[in-house]
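Summary of structural features
The chain contents come next:
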Amino acid sequence: MLRSERSPLLLAGLLATAGVTHFAAPRSYDATIPNGLPGSPRAWTYASGVAELALAAGVALPRTRRRAALATAAFFVGVFPANVKMALDWRHRPAPLKAAAFSRLPLQVPLVLWARGVAGNGEGRS
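Residues numbered from 1 in each chain as written. Predicted model: local features only at pLDDT ≥ 70, side-chain atom pairs only at ≥ 80, totals over all residues. Heavy atoms only, no water.

What follows is about the overall build of the protein. From N to C terminus, the protein includes six helices and zero strands. For the protein, the α and β elements follow one another from N to C terminus as α-α-α-α-α-α. In terms of C-alpha radius of gyration, the protein reaches 15 Å, essentially the compact-globule figure of 14 Å for 126 residues. The C-alpha extent of the protein, read off along each of the three principal axes, is 45 × 30 × 25 Å. Per-residue burial over the protein gives 33% buried out of 126 residues. Taking contacts inside the protein between residues at least 6 apart in sequence as the whole, the part at least 24 apart equals 64%. Here the protein displays about 7600 Å² of accessible surface, and carbon together with sulfur accounts for 67% of that area. Here the protein carries 15 positive and 5 negative side-chain charges, and the mean point of each set is 4 Å from the other. (Helix = DSSP H or I, 4+ residues; strand = E, 2+ residues; numbered from the N terminus. Rg over C-alpha atoms; globule rule 2.2 N^0.38 Å. Buried < 20%, exposed > 50% of the residue type's maximum accessible area, 1.4 Å probe, protein only. Contact = heavy atoms within 4.5 Å. Areas by Shrake-Rupley, 256 points an atom, 1.4 Å probe, with all protein chains shown as cover. Lys, Arg positive; Asp, Glu negative; His and termini not counted. Charge placed at Lys NZ, Arg CZ, Asp CG, Glu CD.)

Another point: the environment of Gly 58. One can find Gly 58 in helix H3 (residues 41–60). For Gly 58, a relative accessible area of 10% gives the class buried. Not counting residues up to four positions away in its chain, the partners in contact with Gly 58 are Thr 64, Arg 65 and Ala 68.

Attention now goes to the side chain of Thr 45. Along the polypeptide, Thr 45 turns up in helix H3. Those residues in contact with Thr 45 that lie beyond four places of it in its chain are His 22, Pro 26, Tyr 29, Asp 30 and Ile 33.

Here it is, written out as structure tokens:
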């Protein structure tokens, strides 16, 4: 199926794009890092960017796709607190920005399901 063949590459592209933006515009990500995490927000921003780039590579390669896609689903769950922090921090911003921040919350569900679907259809089973 063409759709299932493209899906892993689209997911890898999304992850790679997000990973690159962590380095190109880190300040916007720094602000989403929950205060309770140890270390500097910038270190977490860079670490999550590296993770997204590594996940993108893993999802793109058929041999590692299944495991990387499962790790991607877990990653999407793991970054949910950052999205909650952003939504709460932006609740007093103009309506379009507030709407964008709050719309990210339910978006995590289809992202997790997409990654799980790629894992279920992926190669690299062992």
